[in-house]
Amino acid sequence: MTRWLAEYAWLPDRAEPTRDVLIEATDGRLTAVTPLTGDGPPTAGVEVLGDAVRLPGLTVPGLANAHSHAFHRALRGRTHDGRGDFWSWRSLMYAIATRLDPDTYLALARAVYAEMALAGITCVGEFHYLHHGPGGTPYDDPNAMSAALVEAAAHAGIRLTLLDTAYLAGGVDGAPLTGPQRRFGDGDALRWAARVDAFGPADDHVRLGAAIHSVRAVPAEQLATVAGWADRNGLPLHVHLSEQPAENDACRAVHGCTPTRLLADHGVLGPHTTAVHATHPTAADVALLGDSRTRVCVCPTTERDLADGVGPVRRMADAGSPLSLGSDSNAVVDLFEEARALEMDERLRTRRRGHFTPVELLGAATVGGHAALGWGDAGRLAVGQRADLVTVRLDSARTAGVPPAGAFFAATAADVTSVIVDGRPVVDGGRHLTVDVPTELRDAIAAVTAKEDS
Ligand SMILES: [Zn+2]
């Protein structure tokens with residue numbers, strides 16, 4: 001058994017953190033969560049806890065990053081020349097994609113996932129579509145790129161939901177994949193399913209899920225095949241939805257309806273489905289998502305980086321869609337920033353304050369994300385849950401003087417000092433215990449961005 005003594009811990013159903021909480025775990029599961037004192041100085045009981053690891057600051061459940069494309073991290077700081085938009089950014093992203101193979105992807109993803117661990121992320125949903133070799137030729141192991149991601153997460157010490165993504169067409173009209181996109185394609189949804197069925201990672205730190213890249217990339221008549229595969233296997237299903245108005249326009253032109261309506265008509269929506277972005281839904285779309293209890297994953301730092309816009313997040317939550325958060329392009333890896341952006345972006349949109357409580361922000365970053373990724377046993381500091389503990393210092397230049405309940409409005413990823421995943425320490429004293437994160441990021445990114453030798 002391992003015991004920790006958290007100076008403050010944010011327990012379920014509490015409006016604010018509780019002081020002096022003894023947390024105990026065996027075999028990676030929480031076995032007891034015990035507040036030792038009320039307000040005021042610690043009682044004598046605290047003094048006898050000699051073997052408990054002290055966690056000074058605020059301890060919260062592990063953060064779940066529900067939407068990531070690990071390799072986009074190589075674009076950070078490289079896409080800001082000129083004006084550009086989502087579509088010009090996408091062509092730069094494709095240039096990186098053409099240079100990755102299973103070895104370089106392992107190195108890059110390992111460093112990126114270790115950066116996530118440093119930020120308090122204990123579980124990531126990787127929306128993975130870079131399946132095949134150059135020109136679309138499968139590797140000898142057709143799931144070699146998936147295997148690289150699984151290994152990367154293991155090295156970084158975090159859990160992974162591998163959202164194996166069907167990416168079959170180059171547009172809503174079903175145009176064939178061209179250029180770099182050919183590496184993403186399996187031909188059709190049945191062949192996508194056959195490849196994924198052949199991939200059975202046994203490791204405890206990984207679970208599978210399915211993804212539909214978008215209505216741009218999976219023809220309407222094949223949507224139900226992917227959704228049915230996820231449903232039969234009881235796995236989460238994710239889909240990029242209405243990130244750009246152009247996607248809505250193209251879908252209306254081809255199918256006469258919005259992307260959300262198209263997904264609803266083909267059985268894609270439901271409580272096991274997560275719509276990523278949902279930046280430009282109509283009022284009817286919001287109702288379709290909420291009534292079906294479809295989850296919504298918002299990625300505010302990427303959405304602002306790509307000039308996507310701000311979605312009606314409060315309205316979607318009120319309509320019945322549970323929220324989660326993603327770092328998506330990994331231009332920023334900081335779920336505290338993503339969480340408070342829910343509130344801040346809504347303020348900009350409405351010119352009013354006070355849309356989300358701190359508990360709602362915490363929930364989106366923890367239990368909401370884990371649920372979207374198929375880990376119903378993580379994201380709360382409660383008996384039986386996975387022993388994921390993230391501790392944020394309250395004595396940094398950013399957090400000093402901030403009440404613990406205000407941490408989500410003040411802390412950054414740099415304030416995370418300790419990260420425990422399934423009972424195992426991964427970050428201590430603000431340092432990753434096994435990965436030299438800056439060095440590995442630098443080297444892995446140089447390997448895929450350097451001018452090719454000729
Ligand atoms: Zn994405």
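Remember, predicted model here, so these are calculated numbers, not experimental data. (Residues numbered from 1 in each chain as written. Predicted model: local features only at pLDDT ≥ 70, side-chain atom pairs only at ≥ 80, totals over all residues. Heavy atoms only, no water.)

What's the story with the sheet that holds strand S5 (residues 63-68) in this structure? I'm lost.
Across the sheet, eight strands lie side by side as S5-S6-S7-S8-S9-S10-S11-S12; this open sheet has parallel pairing. At either margin of the open sheet sits one strand with a lone partner, and together these are S5 and strand S12 (323-325). On average, each strand axis in the sheet is tilted by 25° relative to the strand beside it, whichever way the strands run. Pairing of strand S10 (residues 273-277) with strand S11 (residues 295-298), which is carried by three bridges, proceeds in the parallel orientation. Along S11, the bridge assignment pairs Thr274 with Arg295. (Pairing = 2+ DSSP bridges. Helix = DSSP H or I, 4+ residues; strand = E, 2+ residues; numbered from the N terminus. Axes fitted to C-alpha atoms, helices over the stretch in contact; angles between N-to-C directions.)

Where do I start with unusual backbone geometry in this structure?
Glycine aside, the phi torsion of most residues is negative, and most peptide linkages are trans. Positive phi values are uncommon outside glycine, yet Asp27 reaches one of about 50°. The backbone phi angle of Asn330 is positive, close to 60°, even though this residue is not glycine. Looking at the secondary structure, you find Asn330 in the loop between S12 and helix H12 (335-350). Judged by relative accessible area, which is 0%, Asn330 ranks as buried. (Buried < 20%, exposed > 50% of the residue type's maximum accessible area, 1.4 Å probe, protein only.)

Just checking my understanding: could you explain H12 for this structure?
Over its 16 residues, H12 runs 23 Å from end to end, which matches the ideal 22 Å to within 8%, given 1.5 Å per residue. The sharpest bend along H12 reaches about 35° and sits at Ala341. Of all 16 residues in H12, twelve are buried; the element is thus mostly enclosed. Restricting attention to buried positions, one finds in H12 the residues Leu335, Phe336, Glu337, Glu338, Ala339, Arg340, Ala341, Leu342, Glu343, Asp345, Glu346 and Arg347. The residue sitting at the N-terminus of H12 and contributing the capping side-chain oxygen is Asp334; that oxygen lies 3.0 Å from the backbone nitrogen of Phe336. Positive backbone phi, at 55°, marks Arg351, one or two positions downstream of H12. (Expected span 1.5 Å × (residues − 1). Bend = angle between axes of the 7 residues up to and from the residue. Polar contact = N/O pair within 3.5 Å; in protein donor to acceptor, adjacent residues only side chain to side chain.)

Explanation requested: the side chain of Asp186 in the structure shown.
Looking at the secondary structure, you find Asp186 in the loop between strand S7 (159-166) and helix H5 (189-197). Residue class for Asp186 comes out buried when judged on its relative accessible area of 11%. At 2.8 Å, the side chain of Asp186 forms a polar contact with the side chain of Arg195. Once residues lying within four places of it in the same chain are set aside, the contact partners of Asp186 are His131, His132, Tyr167, Leu168, Arg191, Trp192 and Arg195. (Contact = heavy atoms within 4.5 Å.)

In this structure, what is going on with the packing of H12 against helix H13 (residues 358-365)? I would like to understand it.
Angle between the axes and distance between the axes are the two parameters that describe a pair of packed helices. Between H12 and H13, the least distance of the axes is 9 Å, while the angle of their chain directions is 130°. Taken together, the axes of H12 and H13 are oblique relative to one another. You can see that H12 and H13 cross each other, and the crossing is right-handed. Here Leu335, Ala339, Arg340 and Leu342 of H12 come into contact with H13, specifically with Leu361, Ala364 and Ala365. Grouping the amino acids of the contact of H12 with H13 by side-chain chemistry returns six nonpolar, no polar and one charged. (Parallel < 35°, antiparallel > 145°, perpendicular 65-115°, else oblique. Left-handed = near helix turned anticlockwise from the far one by under 90°. Nonpolar A, V, L, I, M, F, W, Y, C, P; charged D, E, K, R; others polar.)

What am I meant to see in empty space enclosed by the protein here?
Rolled over the atoms, a probe with the dimensions of a water molecule shows which regions are left empty. The full count for this structure, using the stated rule, is two cavities of 30 Å³ or more. Lining the largest cavity are 19 residues, with Phe86, Trp89, Met93, His213 and His240 sitting closest to its centre. Broken down by element, the residue count for the lining of the largest cavity peaks at five residues, all from helix H2 (residues 86-97). In terms of residue class, the lining of the largest cavity is built from eight nonpolar, seven polar and four charged. A volume near 60 Å³ is recorded for the second largest cavity. Considering the residues around the second largest cavity, the lining is formed by Val298, Pro300, Glu303, Val310, Gly311, Val313, Ala341, Leu342, Asp345 and Glu346. At the level of secondary structure, the elements contributing two or more residues to the lining of the second largest cavity comprise helix H10 (300-305) and H12. Per element, the largest residue contribution to the lining of the second largest cavity is four residues, and it comes from H12. When its residues are assigned to classes, the lining of the second largest cavity shows six nonpolar, one polar and three charged. (1 Å grid on protein atoms, 1.4 Å probe; cavity = no way out; pocket = protein on both sides within 12 Å on 5 of 7 lines; lining within 4 Å. Points joined across faces, edges and corners; volume = space filled by probe spheres on them.)

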